[in-house]
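Observations on the model geometry
Below are the chains, spelled out letter by letter.
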Amino acid sequence: MDLEARSLQPNVKAVLLAKLREYKSDLNNLKSEHKRLASSNSNQSTRDDLLESGMADAMSVSANQRGRLMMSTERLNESSDRIKESRRTMLETEELGVSILQDLHQQRQSLLHANDTLHGVDDNISKSKKILTNMSRRMSRNKWIISSIIVVLVVAIALILYFKLSK
């Protein structure tokens with residue numbers, strides 16, 4: 001996503017990069033919260049083991065402490081679920097970005113091929129234009145030559161008739 005956002009126009013790029021940074025910081029916060037809760041969960045179970053082994057009577061654990069423990073466990077589970085959901089969303093977004101980049105690459109290749117073909121056609125048209133121009137010049141020159149030959153023949157015939165008839 002970062003690469004794609006950087007390749008966009010400057011006015012859109014700034015907005016998308018800001019959102020991307022915000023999403024990344026949210027993800028990092030959730031990761032650190034998950035690590036903190038996971039480590040506190042393992043510390044909590046170790047602490048609970050020590051407290052229970054140190055207490056002679058299992059009935060001395062108050063209902064308030066149990067309630068807090070249950071609430072902490074519930075918050076930990078909710079946080080874990082949120083992190084899993086965030087990770088799933090991140091993976092889906094990454095897959096979508098990869099798919100879009102592949103499509104853009106294919107479109108770029110198509111445009112480059114069309115551009116090359118267009119240049120080839122343009123070159124062929126230029127060559128054809130030169131050939132037609134040369135053919136037109138030759139045709140015009142040939143008309144002048146034929147016209148000159150006809151005029152010379154007509155004059156020669158006229159001179160021959162004049163000299164034949166005047167004798």
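Data block above holds the structure.
Here goes a summary of the coordinates provided. (Residues numbered from 1 in each chain as written. Predicted model: local features only at pLDDT ≥ 70, side-chain atom pairs only at ≥ 80, totals over all residues. Heavy atoms only, no water.)

A count of helices and strands for the protein gives three helices and zero strands. Tracing the protein from N to C terminus, the helices and strands come up as α-α-α. Within the protein, the fraction of its 167 residues that count as buried is 6%. Counted over contacts in the protein with a minimum sequence separation of 6, partners at least 24 positions apart contribute 58%. In the form shown here, the protein has an accessible surface area of approximately 14,500 Å², with 61% of it arising from carbon and sulfur atoms. (Helix = DSSP H or I, 4+ residues; strand = E, 2+ residues; numbered from the N terminus. Buried < 20%, exposed > 50% of the residue type's maximum accessible area, 1.4 Å probe, protein only. Contact = heavy atoms within 4.5 Å. Areas by Shrake-Rupley, 256 points an atom, 1.4 Å probe, with all protein chains shown as cover.)

Topologically, Ser79 is positioned in helix H3 (residues 63–166). Judged by relative accessible area, Ser79 falls into the buried class, the value being 5%. Those residues in contact with Ser79, other than ones at most four positions away along the chain, are Glu33 and Leu37.

Glancing now at the pattern of salt bridges. Per the stated rule, a full pass over the model turns up three salt bridges. Put simply, Glu33 and Arg82 hold a salt bridge, and the shortest N to O gap is 3.9 Å. In this pair, Glu33 sits in helix H2 (residues 10–54) while Arg82 sits in helix H3, placing the two residues 49 residues apart along the sequence. We note a salt bridge from Glu92 to Arg88, for which the minimum N-O separation is 2.3 Å. With a gap of four residues between them, Glu92 and Arg88 both fall in helix H3, about one helical turn apart. When salt bridges with common partners are traced through the structure, they connect Glu85, Arg88 and Glu92 into a single cluster. (Salt bridge = Lys/Arg side-chain N within 4 Å of Asp/Glu carboxyl O.)

A separate point is the environment of Thr73. Tracing the chain through its elements places Thr73 in helix H3. Taking the relative accessible area as the measure of exposure, Thr73 reaches 33% and is therefore partly exposed. Expressed as a C-alpha distance, the spacing of Thr73 and Leu37, which sit 36 residues apart in the sequence, is 9.2 Å.

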